[in-house]
Amino acid sequence: MTGEGDKTGLTRDEPRGTMLELGVRQMTQLKCIYTSARSMGNKQEELEAIVQQANYDLVAITETWWDHSHDWSAVMDGYKLFRRDRQGRKGGGVALYIKDCFDVEELGVGNDKVECLWVRIRGKACRGDILVGVCYRLPNQDEEKDEAFYEQLAEVARSPSLVLMGDFNFPDICWKYNTAQRKQSRRFLECMEDDSFLTQLVREPTRGGALLDLLFTNSEGLLGDVKAGDCLGQSDHEIVEFSILGDVRRVTSKTAILNFQRADFDLFRTLVARVPW
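Residues numbered from 1 in each chain as written. Predicted model: local features only at pLDDT ≥ 70, side-chain atom pairs only at ≥ 80, totals over all residues. Heavy atoms only, no water.

Trainee: Whenever I open this one, the pairing of strand E8 (residues 130-136) confuses me. Can you help?
Mentor: Consecutive residues of a regular strand have side chains that alternate between opposite faces of the sheet. Buried residues dominate E8, accounting for 7 of its 7 residues. In E8, alternate side chains face the same way, and those of Ile 130, Val 132, Val 134 and Tyr 136 on one face and Leu 131, Gly 133 and Cys 135 on the other are all buried. Bridging between strand E7 (residues 115-121) and E8 involves 7 bridges; their strand directions are antiparallel. Within the sheet, the bridge partner assigned to Trp 118 lies in E8 and is Gly 133. Bridge count for E8 against strand E9 (residues 162-167) is 6 bridges, and the pairing is parallel. Opposite Tyr 136, over in E9, you have Asp 167 as the bridge partner. (Buried < 20%, exposed > 50% of the residue type's maximum accessible area, 1.4 Å probe, protein only. Helix = DSSP H or I, 4+ residues; strand = E, 2+ residues; numbered from the N terminus. Pairing = 2+ DSSP bridges.)

Dropping the structure here:
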């Protein structure tokens, strides 16, 4: 039974993306969100509730503040997790959750000088893959690290379908007129738009009156439904919501995986104690 007004033949509880008819082709619409969490420490349950309620396919986060002690708590049922924690000191970190049903691989691009994570979502048959990146740039990041990021970007920008999001901390850039006050900001504009041919799609401020959280693509029509609003927990950054249109490959896993994160270990200990060893 199809939902009222549903012309695609999908049921309302279809869990794996939405199919849109574009001419004679059907494309998968991936529902996505990005946010700068400023520590996921006490926000994981809220994030999971938001993701499950809206059935998002991709979730990108900067400033996770994770380390190896969060390996269990960071797991989200039904999603692959890709993460890059800051090494050597607290804070920072980037992560991507992507539904298990998509064929995704992490790319070994760049080095540890910049906090970036890149993955490839496989396309169907001969159709192109989609490269997705999430990046966090420190407010006082030096020019050397900026240039290391631009080298990474030049490598992945060869892809005809690129999506990049993150907190880049360039409050002085005016995206309406593509102008900036600071030298590093002007260099950023040059590399993003002139060298890599990327278009920035977020138009509303995302932290106070500043537009810090950005969303780029090099393919017209690849992204849509872009909007900013609400926050995750006490984070002072707004969530950016958007859709990716692409003919992506799905995979079917027949392997059952136990989710120990949801186990009741107190009950387990009680039951074990009753066993007459």
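Trainee: Explain the pattern of salt bridges to me, please; I cannot follow it from the model alone.
Mentor: Side-chain pairs of opposite charge can arise whenever the charged atoms involved come near each other. Here the structure, examined in full by the defined rule, presents 18 salt bridges. Across the pair Lys 113 and Glu 144 runs a salt bridge, and its minimum N-O distance is 3.3 Å. Note that Lys 113 is positioned in the loop between strand E6 (104-106) and E7 and Glu 144 in helix H2 (residues 143-156), a separation of 31 residues in sequence. Close ionic contact of Asp 129 with Arg 122 constitutes a salt bridge, the shortest N to O distance being 3.4 Å. In this structure Arg 122 comes out as partly exposed when scored by relative accessible area, which is 27%. (Salt bridge = Lys/Arg side-chain N within 4 Å of Asp/Glu carboxyl O.)

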